[in-house]
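Analysis of the macromolecular model
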Amino acid sequence: MNKQAITLLFMLPVLTAGAQNPIIRGIYAADPTARVFNDKVYVYPSHDIMPPEGQRQDWFCMADYHVFSSENLTDWTDHGMIISQENVPWGNPEGYSMWAPDCVYKDGKYFFYFPDAPKEGRGFAIGVATADSPEGPFVCEPEPIKGVMGIDPCVLVDNDGQAYIYWSGMGIRGAKLKANMKELDGELTELRFPGNANAQAPNMPPILVGGQAMEGLPEGFKEGPFAFRRGDWYYLTFPWVRGDTSNGQNPTETLAYSMSRSPLGPWDFKGIIMAEHDNTCWTNHHSIVEYKGQWYIFYHRNDYSPSDDKRRSARVEKIAFNDDGTIQEVFQTKRGVGISQATSVLQPDRYSAASDDVSVAYVDTLDRFQGWQVSLPKPGSWLCYSDVDFSGVTKGNAMVRVKACADAEFSLREGSTNTGTVIARFKVKGGKDASKGEWMTLTAPLEYTPKGVTDLLITCELGAVDIDWVQF
């Protein structure tokens, strides 16, 4: 059977979100696998959608994959859809099961690994698609990888060129890949379920399973393996439920890790990278990558879908290592990473720090992709938005989108304390529009223009004010 070229529905490149979390706005983008190709960071997430009629409405639903890229971790370009469930030769075109993927480069080709529900049989299989560019077009292999029954593939190409694949299925498993990157290197064993030979399923063939179970991992539910190498250490990282599941409750996932001197273990469990979500979002799924000398962890949370944790969005934080190679715990932030241009639209609701009385709410609860507003409720309220680059500011004005129900005053300052130099001052007059709490765009002259990259502080001096965005 010849390869089947995938029909692509490329969209025009679209810049999404910015230098704050979540990094992708406009679509749900979960399970973000980040890779560095051609001096850019590429993110290959799964694509959560609302379930169509006939599908389970309270479960995960994914029908295709997009790819995003950035050179600065601030501006992200959506390169469009690269694979759809209708274009997988061996997959169920109505399976809605295209869960967490991966993509690696080897010998001049890009190899995209993805799970899908097969047309025949049970469970999940993992397929491969190849391309000459990290953005596609990708060509799908006619059959999935034999011996891999599961989800969440991850591929590690070691320093010597040998590739290893890891996946979730009957625990976390791993195996060598052959040089063609499309077959397991090793014997497959037959796995027969109790019903395979009975009268109800006399013709069901045995399932061929390859690889080996990863030894040394903690007890409890685990999925989503992501393996990488740093120096002489190999890391196997994974979502892990450390809670007690015997009471019938549904604990949420942490991100945890083990270390080894060998790519297939045995592994030495080290502990937690990131604790459970504070909003009871059930899943987390991640990748870890080095870019321009800094390590980053990409993960997800249901920011744009607070009442439905099956529609999730990608995030990113910096990650650091101790001298012995162990990983320092990572804490989730609104601000994320990257430098924001002062001339772009800044979202102060994604602040780095704030007074205890500051609160955040959705601008529009019917369209949460519009983002959030931040409320400074009284004089003395403040917030700090870090790493703003003022080098491109040539106009002598600042603009803000605000609303207030009475007279209010606030200032934009440089730095992270109230003693910072005032950049611009704003007064919101009470009156017909303001009393209704309607949004308005205000402009104020710059009293001072910061140089280079600095922090932006917003302080309330009178009344209370809600702010949507700021731009210089």
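Residues numbered from 1 in each chain as written. Predicted model: local features only at pLDDT ≥ 70, side-chain atom pairs only at ≥ 80, totals over all residues. Heavy atoms only, no water.

The next thing to look at is the overall build of the protein. Looking only at helices and strands, the protein features one helix and 34 strands. For the protein, the C-alpha radius of gyration of 25 Å lies close to 23 Å, the compact-globule estimate for 472 residues. Overall size of the protein, expressed as C-alpha extent along the three principal axes, is 80 × 50 × 50 Å. Per-residue burial for the protein yields a buried fraction of 56% across its 472 residues. Taking as baseline every contact in the protein between residues at least 6 positions apart, the subset at least 24 positions apart corresponds to 61%. (Helix = DSSP H or I, 4+ residues; strand = E, 2+ residues; numbered from the N terminus. Rg over C-alpha atoms; globule rule 2.2 N^0.38 Å. Buried < 20%, exposed > 50% of the residue type's maximum accessible area, 1.4 Å probe, protein only. Contact = heavy atoms within 4.5 Å.)

Counting residues in each nonpolar core, the largest one holds 33 residues, and the members touching the most others are Val402, Phe410, Leu412, Phe426 and Phe472. Elements that contribute at least two residues to this core include exactly β27 (372-376), β28 (382-389), β29 (397-403), β30 (408-414), β31 (422-428), β32 (440-445), β33 (453-462) and β34 (465-471). In terms of residues, this core owes the most to one element, β31, which gives four residues. When near neighbours in sequence (up to four residues on either side) are disregarded, Phe410 contacts Val400, Val402, Ala424, Arg425, Phe426, Val428, Ile458, Thr459, Cys460, Glu461, Val465 and Ile467. (Core = buried A, V, L, I, M, F, W, Y, C linked by side-chain atoms within 4.5 Å.)

Bringing the pattern of salt bridges into the picture now. One pass over the structure, following the stated rule, counts 22 salt bridges. As a salt-bridge pair, Asp268 and Lys270 come within 2.9 Å of each other at their nearest N and O atoms. On the accessibility criterion, Asp268 (40% relative accessible area) is partly exposed. Overall, the relative accessible area of 38% leaves Lys270 in the partly exposed class. (Salt bridge = Lys/Arg side-chain N within 4 Å of Asp/Glu carboxyl O.)

Chain-level statistics for the protein give a pLDDT mean of 91 and a share of 91% at 70 or above. Low pLDDT (under 50) marks residues 1-13, which in the prediction has 36 contacts with non-local residues, meaning those over four places away or in another chain. Counted against residues more than four places away or in other chains, residues 195-201, with its pLDDT under 50, gives seven contacts. (pLDDT = per-residue confidence, 0-100.)

On to the packing of aromatic side chains. Within the structure shown, the criterion is met by 29 aromatic pairs. Ring plane angle 75° and centroid distance 5.2 Å describe the contact between Tyr65 and Phe112, whose orientation is recorded as edge-to-face. Placement of Tyr65 in strand β5 (residues 62-70) and of Phe112 in strand β8 (residues 109-116) is noted, with a sequence separation of 47 residues between them. Across the pair, Phe112 and Tyr65 agree in class, each one buried. When the ring of Phe228 is compared with that of Tyr235, the centres are 4.7 Å apart and the planes differ by 0°; the resulting orientation is stacked. As far as the burial class goes, Phe228 and Tyr235 line up, both buried. By way of ring pairs, the aromatic residues Tyr44, Tyr65, Trp90, Phe112, Phe114 and Phe138 are connected into one cluster. In this structure, Arg230 is placed above the aromatic ring of Phe321, and the distance from its NZ or CZ to the ring centre is 4.0 Å. (Phe/Tyr/Trp six-rings, centres within 6.5 Å; stacked < 30°, edge-to-face > 60°. Lys NZ or Arg CZ within 6 Å of the ring centre and 35° of its normal.)

Turning our attention to the sheet that holds strand β23 (residues 313-319). Overall, antiparallel pairing links the three strands, which are arranged β21-β22-β23 in an open sheet. Two strands close off the open sheet at either side, each with one partner strand: β21 (287-291) and β23. Within the sheet, the average angular offset between the axes of one strand and its neighbour, ignoring direction, is 30°. Taken together, the five bridges between β21 and strand β22 (residues 294-301) define a ladder with antiparallel strand orientation. From the neighbouring strand, Glu290 faces β22, where its bridge partner is Trp295. (Pairing = 2+ DSSP bridges. Axes fitted to C-alpha atoms, helices over the stretch in contact; angles between N-to-C directions.)

Taken together, five strands build an open sheet; the order of strands is β26-β27-β34-β29-β32 and the sheet is antiparallel. At either margin of the open sheet sits one strand with a lone partner, and together these are β26 (359-362) and β32. This sheet shows a mean twist of 40° between the axes of neighbouring strands, independent of strand direction. By the bridge criterion, six bridges tie β29 to β32 in an arrangement that is antiparallel. Residue pairing across strands places Val400 opposite Leu442, the latter belonging to β32.

The subject of this paragraph is the pairing of strand β3 (residues 30-37). The element β3 is largely enclosed, with a buried count of seven among its eight residues. For β3 and strand β4 (residues 40-48), the ladder comprises six bridges, and the chain directions are antiparallel. Residue pairing for β4: Arg35 is matched across the bridge by Tyr42. Counting the residues between successive antiparallel strands, the hairpin from β3 to β4 contains two residues, one of them, Asn38, with a positive phi of roughly 55°.

Here the focus is the environment of Ser258. Along the chain, the position of Ser258 falls in strand β19 (residues 254-260). For the pair Ser258 and Trp90, spaced 168 residues apart in sequence, the C-alpha to C-alpha distance is 34 Å. Beyond its immediate stretch of four places on either side in the chain, Ser258 contacts Gly216, Leu217, Tyr234, Tyr235, Leu236, Phe238, Trp267, Asp268, Phe269 and Lys270.

Position of Asn284 among the secondary structure elements: in the loop between β20 (268-274) and β21. On the accessibility criterion, Asn284 (1% relative accessible area) is buried.

Here we come to the environment of Trp90. Among the secondary structure elements, Trp90 is positioned in the loop between β6 (76-84) and β7 (102-106). Taking C-alpha positions, Trp90 is 23 Å from Thr33, a pair spaced 57 residues apart along the chain.

Along the chain, the position of Glu414 falls in strand β30. Engagement of the side chain of Glu414 in a polar contact is seen with the side chain of Tyr448, the distance being 2.8 Å. There is a polar contact of 3.2 Å between the side chain of Glu414 and the side chain of Thr454. Not counting chain neighbours up to four residues away, the residues in contact with Glu414 comprise Gly420, Thr421, Ile423, Tyr448, Pro450, Thr454 and Asp455. (Polar contact = N/O pair within 3.5 Å; in protein donor to acceptor, adjacent residues only side chain to side chain.)

Here β28 lies mainly inside the structure; six of its eight residues are buried. Across two bridges, the pairing between strand β24 (residues 340-341) and β28 is parallel. Paired with Ser340 across the strands is Val388, a residue of β28. Pairing of strand β25 (residues 353-354) with β28 involves two bridges; the strand directions are antiparallel. Across the sheet, residue Ala354 finds its bridge partner in β28, namely Leu383. Pairing analysis gives six bridges linking β28 to β33, with the strands arranged antiparallel. Bridged to Val388 within β33 is Thr454.

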